[in-house]
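# Tertiary structure, described
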Amino acid sequence: MCTYLYEEEQKMRMSHKRNQLGFFLASLLIWINMAMADENFSSSSSIHIVYTEQPQNNEEPKAYHIGILASVLGSEAAAKEALAYSYTNSASGFSAKLTPQQVALLSKDPRVLQVLPNRKMELHSGKNKAIGMLH
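Fair warning: this is a prediction, and the values are worked out from it, not measured in the lab.

### Thoughts on the packing of helix H2 (residues 61-73) against helix H4 (residues 100-107)
Between H2 and H4, the shortest axis-to-axis distance is 9 Å and the interhelical angle comes to 120 degrees. Relative to H4, H2 is oriented oblique. Seen from above, H2 lies across H4 with right-handed handedness. Facing Ile68, Leu69, Val72 and Leu73 of H2, the residues of H4 in contact are Gln102, Leu105 and Leu106. Looking at the contact of H2 with H4 residue by residue, the classes come out as 6 nonpolar, 1 polar and no charged.

### Considering the sheet that holds strand E4 (residues 112-117)
Across the sheet, which stays open at both edges, the 4 strands sit in the order E2-E3-E1-E4 with antiparallel pairing between neighbours. The outermost strands of the open sheet, each flanked by one partner alone, are strand E2 (83-87) and E4. The sheet shows a mean angle of 20 degrees between the axes of neighbouring strands, taken without regard to direction. Of the pairings in the sheet, the one linking strand E1 (residues 46-52) to E4 comprises 5 bridges and is antiparallel in character. Its bridge partner being in E4, Ile49 is matched across the sheet by Leu116. Running over the sheet, H2 touches E1, E2, strand E3 (93-98) and E4 and is turned about 135 degrees from E2. Contacts between H4 and the sheet are confined to E1, E3 and E4, with E3 contributing the most and set at about 150 degrees to the helix.

### Some details on the nonpolar core
In this structure, Val50, Leu69, Phe94, Leu98 and Leu106 are the most contacted members of the largest nonpolar core, which totals 18 residues. Going through the elements one at a time, H2, helix H3 (76-82), E3, H4 and E4 are the ones with two or more residues in this core. With 7 residues, H2 is the single largest residue contributor to this core. With residues up to four places along the chain from it excluded, the contact list for Leu98 reads Ser44, Ser45, Ser46, His48, Val50, Leu69, Val103 and Leu106.

Rules behind the numbers
Residues numbered from 1 in each chain as written. Predicted model: local features only at pLDDT ≥ 70, side-chain atom pairs only at ≥ 80, totals over all residues. Heavy atoms only, no water. Axes fitted to C-alpha atoms, helices over the stretch in contact; angles between N-to-C directions. Helix = DSSP H or I, 4+ residues; strand = E, 2+ residues; numbered from the N terminus. Parallel < 35°, antiparallel > 145°, perpendicular 65-115°, else oblique. Left-handed = near helix turned anticlockwise from the far one by under 90°. Contact = heavy atoms within 4.5 Å. Nonpolar A, V, L, I, M, F, W, Y, C, P; charged D, E, K, R; others polar. Pairing = 2+ DSSP bridges. Core = buried A, V, L, I, M, F, W, Y, C linked by side-chain atoms within 4.5 Å. Buried < 20%, exposed > 50% of the residue type's maximum accessible area, 1.4 Å probe, protein only.

Set out below in structure tokens:
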């Protein structure tokens with residue numbers, strides 16, 4: 001009988017230790033998920049407008065812009081995926097989906113003049129009384 005009680009007690013202790021370990025692992029996984037969610041939230045990407053120097057030596061503007069982006073994103077494929085538009089007529093630059101960290105790195109590139117977040121602007125469409133007086 002004593003051996004049986006001893007074995008039952010050992011089983012209960014082992015079960016308790018497994019439960020503690022399971023609780024610890026579950027807590028650890030939850031903590032890791034929360035940390036990753038925080039990181040993803042803080043590093044979420046958004047569209048930015050990047051003004052650049054003019055390309056040199058007759059380089060095609062879009063290739064020039066992809067080259068600048070690739071220097072920060074690590075590959076030409078990643079740069080092409082992030083690139084939203086290449087501006088070539090009135091200004092040299094591009095718009096791209098970037099994280100705050102990527103914006104900081106791009107801002108340090110000597111070919112980059114300015115990096116601005118994309119903003120929605122609304123035009124005022126009301127009648128201007130001063131213009132109406134000119135008729």
